[in-house]
Amino acid sequence: MIHMGFSGVVAFVLIHVFKVVAPVKMTFVIYTTYVLPISAFFAASLWFGNTAYLHISVAFIQMLKALMPVATFLMAVVCGTDTLRCDVFLNMVLVSVGVVISSYGEIHFNVVGTLYQVTGIFAEALRLVLTQVLLQKKGLTLNPITSLYYIAPCSFLFLFVPWYLLEMPAMEVSQIQFNFWIFFSNALCALALNFSIFLVIGRTGAVTIRVAGVLKDWILIALSTIIFPESAITGLNIIGYAIALCGVVMYNYLKVKDVRASNQLPTETIPERTSKEWKLDKKSSDLYPNNNNGGNGPGNNGSGVNVNVDEEAPLIPSSRLSHIGRSQLSTHSN
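The sections below set out a description of the structure shown in this document.

Here is what the cut-offs are and how they apply
- Residues numbered from 1 in each chain as written.
- Predicted model: local features only at pLDDT ≥ 70, side-chain atom pairs only at ≥ 80, totals over all residues.
- Heavy atoms only, no water.
- Helix = DSSP H or I, 4+ residues; strand = E, 2+ residues; numbered from the N terminus.
- Buried < 20%, exposed > 50% of the residue type's maximum accessible area, 1.4 Å probe, protein only.
- Contact = heavy atoms within 4.5 Å.
- Areas by Shrake-Rupley, 256 points an atom, 1.4 Å probe, with all protein chains shown as cover.
- Axes fitted to C-alpha atoms, helices over the stretch in contact; angles between N-to-C directions.
- Parallel < 35°, antiparallel > 145°, perpendicular 65-115°, else oblique.
- Left-handed = near helix turned anticlockwise from the far one by under 90°.
- Nonpolar A, V, L, I, M, F, W, Y, C, P; charged D, E, K, R; others polar.
- Salt bridge = Lys/Arg side-chain N within 4 Å of Asp/Glu carboxyl O.

Let's talk about the overall build of the protein
Part 1: Regarding its fold elements, the protein presents twelve helices and zero strands.
Part 2: When the helices and strands of the protein are placed in sequence order, the string is α-α-α-α-α-α-α-α-α-α-α-α.
Part 3: Within the span of the protein, comprising 334 residues, buried residues form 31% of the whole.
Part 4: Long-range pairs, those at least 24 residues apart, make up 85% of the contacts in the protein with a sequence separation of at least 6.
Part 5: Surface summary for the protein: the accessible area is close to 20800 Å², and the carbon and sulfur share equals 68%.

Written out as C-alpha cells, the structure reads:
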C-alpha cells in the first residue's frame, strides 16, 4: 500500500510539475472498464502474494510461481485473447505436474499459504491479460510513468480496504517502530522495480525478459535456502521444480517463436514482391522492344534509349528504384 501511494505521488509530480511526459487522453469508459479492473487485480496479486509469505517459505513460493504461464494462458483463452493449442496445452500440463510434485515434497506445506499464492498468481494473470487488451485493442500507449499515474492511486485504494478491515485491528501501535529512511528506501526500491520492468521490456525483448525471469527464480530459491534456514528444500522439491521449469522454458520458446515469425513476415514478403515486380518489368521490356528505332546506326541509339526510359519510368515508382537502378537510368539518359 505504501509502495503504491509513493509511486502514484512520484508519477503525479513527474507529469504535472516537471512535465516529463504528457498524460494520456483517458475516457471515463476506458478508465472504469479497464484501468479500475487492472488496478484491482494488481492490488489483489500484491496482497495475496505478500500474505502467502506469512505461511509458506520463500523457496516454495518461487516454485509455485512457475504456475504463472499456466494461469496466464488459461485467462487469455477465457478472455478470448489467445487460442487453445495442443502444444501449449501439453506444456501447461507438464508445468502443473511439476508444481504438484514440488508441493508434495514440501516439508512445511501449508494449505492456506498455498491458496493465497495461487490466488495471487491468477489475479496477476488477469491483470496481464487486461493490460494486453488495453494496449492492443484500445490502442493506448502507456509508458512507465503514465502507467503508474493511472494504476497506482487505484491500487492504493484497493489495498487500503483489506489493510483497514483485516490488518489494522490486529496491529499494536505501541510496538510499531517507524523509521522514515527504511520505509522511504523500501518505497524507492519498489518504484525503481516498477520502472525497470517496463524499461527492460521496451529496451530488450521477450527473450531477455523471460530468461531473466527464470534466472531470478533460481537465484531467489538459492538465496532463500542460505539466508532463511526454515526454507530448506528437498530432492523432491528440486525434481518437481525442474519438471515445471522445463515446461516453462518450452512455453517461452513457443511464444518467442510466434513473435519472431509474426515480426519477420512483412520483412520477407516485401523484398520478394519487389524482386518479382522487377522481373515482370524486365520481361515486359524484352517482349515489347522499341518499335520507333528506325535503324541500328549510332545516331538512332540515343533516341531509342530515351524513348525506353520515358515509357518505363512511370511504371516503376521511385520508392522501388535501388541506387544501382537509378545510376543506370541517369547514365543512359545522359
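Description of the packing of helix 4 (residues 68–79) against helix 6 (residues 111–136)
Part 1: The contact between helix 4 and helix 6 brings their axes to 8 Å, and the two run at 50°. Judged by the inter-axis angle, helix 4 sits oblique to helix 6. As for the relative orientation of helix 4 and helix 6, their crossing is right-handed in sense. Between helix 4 and helix 6, the contacting residues are M68, A71, T72, L74, M75, A76 and C79 on the first element and I121, F122, E124, A125, L126, L128 and V129 on the second.
Part 2: Classifying every residue of the contact of helix 4 with helix 6 by side-chain character gives twelve nonpolar, one polar and one charged.

Concerning the pattern of salt bridges
Part 1: Tallied over the entire structure, the rule returns three salt bridges.
Part 2: The residue R85 makes a salt bridge to D87 at a minimum N-O spacing of 2.9 Å.
Part 3: Classification of D87 as partly exposed rests on a relative accessible area of 32%.
Part 4: Note that D258 is salt-bridged to R85, the shortest N-O span being 2.7 Å. Separated by 173 residues along the polypeptide, D258 in helix 10 (residues 235–287) and R85 in the loop between helix 4 and helix 5 (86–104) bring together distant segments of the chain.
Part 5: For D258, a relative accessible area of 32% translates into the label partly exposed.

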